[in-house]
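Close look at the chain arrangement
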Amino acid sequence: MASAAITLAADAPTLSSANTGFMLICSALVMLMTPGLAFFYGGMVRVKSTLNMLMMSFISLGIVTILWVLYGFSMAFGTDSGSLIGWNSDWVGLSNIGLTELWDGYTIPIFVFLVFQLMFAIITPALISGALADRVKFTAWALFVALWATVVYFPVAHWVWGAGGWAFELGVIDFAGGTAVHINAGAAALGVILVIGKRVGFKKDPMRPHSLPLVMLGAGLLWFGWFGFNAGSWLGNDDGVGALMFVNTQVATAAAMLAWLIYEKIRHGAFTTLGAASGAVAGLVAITPAGGAVSPLGAIAVGAIAGLLCAVAVGLKYKLGYDDSLDVVGVHLVGGVVGSLLIGFFASGKGQSEVEGLFYGGGLTQFWKQCAGVFAVLAYSLIVSALLAFILDKTIGMRVSEDDEVAGIDQAEHAETAYDFSGAGGGAARTAAAPAPVGAAASKKVDA
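Model, not experiment: these values are computed from the prediction.

Here's the deal with the packing of helix α10 (residues 273-290) against helix α11 (residues 296-313)
The geometry of α10 relative to α11 is characterised by a closest axis approach of 8 Å and an angle of 125° between their N-to-C directions. With respect to each other, α10 and α11 are oriented oblique. Between α10 and α11 lies a crossing of right-handed hand. Here Ala282, Ala286 and Ile287 of α10 come into contact with α11, specifically with Ala299, Val302, Ala306 and Cys310.

Structure, rendered in structure tokens:
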């Protein structure tokens, strides 16, 4: 017995300063993704909605952080109850966690794990905001974020990643959030927009992005931060799986961007910057669940398929009549579903586990497991999110007035505008000696 105890003590994980530092850097990278998302969405809306779009992401940094400290971490990763929810009273308020107390089975402190997972919890509701551009009261949105995180994100995170969660125990593979983050957010977006309805002028007025450079900046920050999002989800850097995920993140994103651009050129006759940015995000979304299970060649396939299907999907809102302002459903829901299900075909058995997909001789067993996780999360998030939006709409109201929406939600909700040109000059009155040029400045219009 004594020798067995000595062996067990020797095998017990000890704190690794290397893995701890690595995970803190990854946590900071994931945090950067939320401001990156704000820029990405902020550039895609019309100029009169820019600040509101930025604020819809930034407010999640405040609300979800506090909820995570108070009870969110405990609900998501505490002791399992019925395979549906977790709870650990010692984690409420994070007041009974030792500084060097390790996350079970790993070489990083609990504090490091919880702050890494916090950044996931923050960005997930922020993703939803892109579908609701131009028309939602900021107070209603803030309350929705608090409620949604509590009754949707925290439980779903437990299902997928918490010890004892039903999807975790079933063997659903989700390396970094295809179900818990992207399908969850995309389905929620669809549920809410079906309740609150379309923007004023949808399918009638031009609603073009006001700043494509801002969109590209946001996409670049997302791509950069996503390496922490994905590679960090292995919670260490000891066996090469995190490195595989890092490589596959780059590979799939590149493939998706190219596939989107090729489709766009064939379908619409041009390679657009918005298409490049959207294709890159689609690839990032799709490889998020799959990157630890597939080879780099598999990552090319996952990215290319996702880029093509997401490009097709974003046009469906015009045919089906739902107003997904910034294509959250078309990119995050569809990309998350594609990436999660393709694990059942492309899992190589040489990455995070020995599970093999259909193309590697493993049959369809894993595919059916992936289907269970995908469609359960999709249905739960869509239904509960729609119910939350309905309750808020019938109580405090979800939408701004039509006049405020037309005039600009930035001024109505935040008493600010994104750009102030009052000091730019050029306002002097013209004289008869200097007539206005015909067809130049006088003919220009701003799509606001």
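A few points about the pattern of salt bridges
Enumeration according to the criterion identifies 5 salt bridges in this entry. With its nearest N and O atoms 3.0 Å apart, the salt bridge here joins aspartate 134 to arginine 46. Of the two residues, aspartate 134 is situated in the loop between α4 (110-128) and α5 (138-161) and arginine 46 in the loop between α2 (17-44) and α3 (50-77); the sequence distance between them amounts to 88 residues. A relative accessible area of 6% means that arginine 46 is categorised as buried. In this structure, lysine 317 engages aspartate 327 in a salt bridge whose closest nitrogen and oxygen atoms are separated by 2.9 Å. Taken together, the residues lysine 317 in helix α12 (residues 316-320) and aspartate 327 in the loop between α12 and α13 (328-346) connect sequence positions 10 residues apart. Its relative accessible area of 3% is what places lysine 317 among the buried residues. A relative accessible area of 17% places aspartate 327 in the buried class. Look at the salt bridges and you will find they share partners, linking Arg46, Asp134, Arg199 and Asp323 into a network.

As for the nonpolar core
Core analysis: the largest hydrophobic core is formed by 112 residues, its most contacted members being Phe73 and Leu132. Ranked by the residues each element gives to this core, the list is headed by α5, at 16 residues. When residues no more than four places from it in sequence are discounted, the contact partners of phenylalanine 73 are Trp68, Gly78, Trp91, Leu94, Trp103, Ile110, Phe113 and Leu114. One finds Ala293, Val294, Val338 and Phe346 within the second-largest nonpolar core, a separate group that totals 15 residues.

Focus on empty space enclosed by the protein
Over the atoms rolls a probe the size of a water molecule, and in doing so it shows where empty space is left. The final tally for this structure, using the stated rule, is 1 cavity of 30 Å³ or more. In this structure, the largest cavity spans a volume of roughly 60 Å³. Taken together, Met33, Leu37, Phe40, Ile123, Leu127, Val181, His182, Leu222, Trp226, Phe229, Val281 and His332 make up the lining of the largest cavity. Elements that contribute at least two residues to the lining of the largest cavity include exactly α2, α4, α7 (178-196) and α8 (212-231). Its residues assigned to classes, the lining of the largest cavity shows 10 nonpolar, 2 polar and no charged.

Side note on the packing of α7 against α13
Contact geometry for α7 and α13: axes closest at 8 Å, N-to-C directions at 145°. Viewed along their axes, α7 and α13 form a crossing whose handedness is left-handed. Touching Gly178, Thr179, His182, Ile183, Ala185, Gly186, Ala187, Ala189, Leu190 and Ile193 of α7 are Val328, Val329, His332, Leu333, Gly336, Val337 and Ser340, all from α13. Broken down by class, the residue content of the contact of α7 with α13 amounts to 10 nonpolar, 7 polar and no charged.

Focus on the confidence of the model for the protein
Model confidence for the protein is summarised by a mean pLDDT of 92, while 92% of its residues fall at 70 or above. For the stretch residues 1-8, pLDDT sits under 50, and the model shows 0 contacts to residues farther than four places along the chain or on other chains. Here residues 427-448 is modelled with pLDDT under 50, and outside its nearest four sequence neighbours on either side it reaches 11 contacts, counting other chains as well.

Here we look at the side chain of histidine 414
Mapped onto the elements of the fold, histidine 414 is located in helix α16 (residues 409-414). On the basis of relative accessible area, histidine 414 is assigned to the buried category, the value being 15%. In this structure, histidine 414 is in contact with Leu51, Asn52, Met55, Phe138 and Ile409, ignoring residues within four places of it in sequence.

Side note on α13
End to end, α13 covers 25 Å across 19 residues, agreeing with the expected 27 Å (1.5 Å per residue, within 8%). The buried fraction of α13 is high, at 17 of 19 residues.

Side note on a nonpolar patch on the surface
A surface patch of nonpolar side chains, amounting to about 510 Å² of accessible area, comprises Leu358, Phe359, Tyr360, Leu364 and Trp368. When its relative accessible area of 34% is taken as the criterion, leucine 358 is described as partly exposed.

Focus on the environment of lysine 198
Take lysine 198: it is sitting in the loop between α7 and α8. Classification of lysine 198 by relative accessible area gives partly exposed; the value is 42%. Separated by 127 residues in the primary sequence, lysine 198 and serine 325 place their C-alpha atoms 8.7 Å from one another. Not counting the four nearest positions on each side in its chain, lysine 198 is found in contact with Arg135, Gly321, Asp323 and Arg399. Of note is the side chain of lysine 198, whose polar atom sits 3.3 Å from the backbone oxygen of glycine 321.

Calculation criteria
- Residues numbered from 1 in each chain as written.
- Predicted model: local features only at pLDDT ≥ 70, side-chain atom pairs only at ≥ 80, totals over all residues.
- Heavy atoms only, no water.
- Axes fitted to C-alpha atoms, helices over the stretch in contact; angles between N-to-C directions.
- Helix = DSSP H or I, 4+ residues; strand = E, 2+ residues; numbered from the N terminus.
- Parallel < 35°, antiparallel > 145°, perpendicular 65-115°, else oblique.
- Left-handed = near helix turned anticlockwise from the far one by under 90°.
- Contact = heavy atoms within 4.5 Å.
- Salt bridge = Lys/Arg side-chain N within 4 Å of Asp/Glu carboxyl O.
- Buried < 20%, exposed > 50% of the residue type's maximum accessible area, 1.4 Å probe, protein only.
- Core = buried A, V, L, I, M, F, W, Y, C linked by side-chain atoms within 4.5 Å.
- 1 Å grid on protein atoms, 1.4 Å probe; cavity = no way out; pocket = protein on both sides within 12 Å on 5 of 7 lines; lining within 4 Å.
- Points joined across faces, edges and corners; volume = space filled by probe spheres on them.
- Nonpolar A, V, L, I, M, F, W, Y, C, P; charged D, E, K, R; others polar.
- pLDDT = per-residue confidence, 0-100.
- Expected span 1.5 Å × (residues − 1).
- Patch = residues over 30% accessible without salt bridge, like charges linked within 9 Å, V, L, I, M, F, W, Y side chains within 5 Å.
- Areas by Shrake-Rupley, 256 points an atom, 1.4 Å probe, with all protein chains shown as cover.
- Polar contact = N/O pair within 3.5 Å; in protein donor to acceptor, adjacent residues only side chain to side chain.

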